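# Examining the three-dimensional arrangement
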Amino acid sequence: MLIEWCVASDADEIIVMTESGVNHSLTKLAPDKRFYYVANENCNCSECPYMKLNTSKSSAIACQSGTARGTLRRHHARALAPLERMLAVR
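All of the points below concern the structure found in this document. Keep in mind that what you see is a predicted model, and the values were worked out from it rather than measured.

What counts and how
- Residues numbered from 1 in each chain as written.
- Predicted model: local features only at pLDDT ≥ 70, side-chain atom pairs only at ≥ 80, totals over all residues.
- Heavy atoms only, no water.
- Helix = DSSP H or I, 4+ residues; strand = E, 2+ residues; numbered from the N terminus.
- Buried < 20%, exposed > 50% of the residue type's maximum accessible area, 1.4 Å probe, protein only.
- Contact = heavy atoms within 4.5 Å.
- Areas by Shrake-Rupley, 256 points an atom, 1.4 Å probe, with all protein chains shown as cover.
- Patch = residues over 30% accessible without salt bridge, like charges linked within 9 Å, V, L, I, M, F, W, Y side chains within 5 Å.
- Salt bridge = Lys/Arg side-chain N within 4 Å of Asp/Glu carboxyl O.
- Lys, Arg positive; Asp, Glu negative; His and termini not counted.
- Charge placed at Lys NZ, Arg CZ, Asp CG, Glu CD.
- Pairing = 2+ DSSP bridges.
- Polar contact = N/O pair within 3.5 Å; in protein donor to acceptor, adjacent residues only side chain to side chain.

With that settled, consider the overall build of the chain. Assigned secondary structure in the chain consists of 4 helices and 2 strands. When the helices and strands of the chain are placed in sequence order, the string is α-β-α-β-α-α. For the chain, the residues scored as buried account for 16% of the 90 residues in total. The contacts in the chain between residues at least 6 apart in sequence include a share of 34% that link residues at least 24 apart. Per element, the accessible surface of the chain, about 7,600 Å² overall, is 57% carbon and sulfur.

Below, the structure written as structure tokens:
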């Protein structure tokens, strides 16, 4: 879904926070766009060995069962609105 969204986007530059393995697909499918892979203060998602373990099926199971949990620290409160918009996309 991330790859499809990036390819369809009108943006020329996109910040991506996911494992770096998607870089090959993104540059192949959208060679005219520039992608920036970023880390946060807790981890570097582009180098995280656990990101490759996530699948659509395991993510769906976690969401349906209610075991998917996230916490937002007070100093990240500005991130809430974009996260809610992202989760509202169907």
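The rest of the description comes next.
Together, Asp10, Asp12, Glu13 and Asp32 line one region of the surface with negative charge. Relative to the helices and strands, Glu13 is located in strand β1 (residues 13-16).

Nonpolar side chains collect at one region of the surface, where Leu72, Leu80, Leu83, Met86 and Leu87 lie side by side and expose about 480 Å² of accessible area between them. Mapped onto the elements, Met86 comes out in helix α4 (residues 80-88). Residue classification places Met86 among the exposed residues on the basis of a relative accessible area of 51%.

In this section: the pairing of β1. Residues Ile14 and Val16 point to one face of β1 and are all buried, whereas Glu13 and Ile15, pointing to the other face, are not buried. In this structure, β1 lies alongside strand β2 (residues 34-37), joined through 4 bridges in parallel fashion. Pairing of Ile14 across the sheet is with Phe35, part of β2.

Assignment of secondary structure puts Tyr50 in the loop between β2 and α3 (56-65). Tyr50 gets classed as exposed once you look at its relative accessible area, which sits at 59%. As a C-alpha pair, Tyr50 and Glu19 span 31 residues in sequence and 9.0 Å in three-dimensional space.

On to the side chain of Lys33, then. You can see Lys33 is positioned in the loop between α2 (22-29) and β2. Buried charged residue Lys33 carries no salt bridge. Nearest counter-charge: Asp32, at 5.9 Å. Polar contacts involving the side chain of Lys33 include one to the main-chain carbonyl oxygen of Cys6, which spans 2.7 Å.

Among the structural elements, Glu4 can be located in helix α1 (residues 2-8). Taking the C-alpha atoms as reference, Glu4 lies 9.0 Å from Leu29; in sequence the two are 25 residues apart.

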